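Each chain is listed here by its residues.
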Amino acid sequence: MHESRLIGGVRPSLVVVGAVFGVALLGAGVASAADPVQLKSRLGNWCFDGPNGNNTATMVNPCNGSKSQLWIFNAAGQVENVAFPGHCMSISDAADDTPVIVLPCQTAWRSLGLR
């Protein structure tokens, strides 16, 4: 029974994290395409982070100004990591528990684009 409450609390948490960073992505759109942006939560000093590079899940970590927490909007409209040039946010499915991962940038349907 204790396990059920824990699992039941994970999905709402993921929805909240997704909503917070969705707002951050929309707010970050005011920068020019060449300027790196930090995707920061409005609920505190938390940033979207891609610290491990290719084919790894992104994380929400305390903001520290590292390059892995800086993102640019490339010419294809994808969100590209500054620490790993040529690697973009990607998602394979829109399910609540699908992680956002860092993969080589591509024009396929699964890369996160803002256009």
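To be clear, the structure that these remarks concern was listed above.
Residues numbered from 1 in each chain as written. Predicted model: local features only at pLDDT ≥ 70, side-chain atom pairs only at ≥ 80, totals over all residues. Heavy atoms only, no water.

1. Things to note about the state of the cysteines
So, point 1. Applying the stated rule across the entire model yields 2 disulfides.
So, point 2. A sulfur-sulfur separation of 1.9 Å characterises the disulfide bridge that pairs Cys47 with Cys63. As the torsion about the S-S bond is roughly 95°, the Cys47-Cys63 disulfide counts as right-handed. Of this pair, Cys47 sits in strand E2 (residues 46–49) while Cys63 is found in the loop between strand E4 (59–62) and strand E5 (70–73), placing the two residues 16 residues apart along the sequence. Taken as a pair, Cys47 and Cys63 share a single burial class, namely buried.
So, point 3. A disulfide bridge connects Cys88 with Cys105, and the sulfur atoms are separated by 1.9 Å. With the S-S bond torsion at 85°, the cross-link from Cys88 to Cys105 turns out right-handed. (Disulfide = S-S within 2.5 Å. Helix = DSSP H or I, 4+ residues; strand = E, 2+ residues; numbered from the N terminus. Buried < 20%, exposed > 50% of the residue type's maximum accessible area, 1.4 Å probe, protein only.)

2. Looking at the packing of aromatic side chains
So, point 1. For the structure shown, the criterion picks out 1 aromatic pair.
So, point 2. Taking the centre distance of 5.9 Å and the plane angle of 45° together, the rings of Phe48 and Trp71 count as tilted. Residue Phe48 is located in strand E2, and its partner Trp71 is located in strand E5; the two are separated by 23 residues in the primary sequence. (Phe/Tyr/Trp six-rings, centres within 6.5 Å; stacked < 30°, edge-to-face > 60°.)

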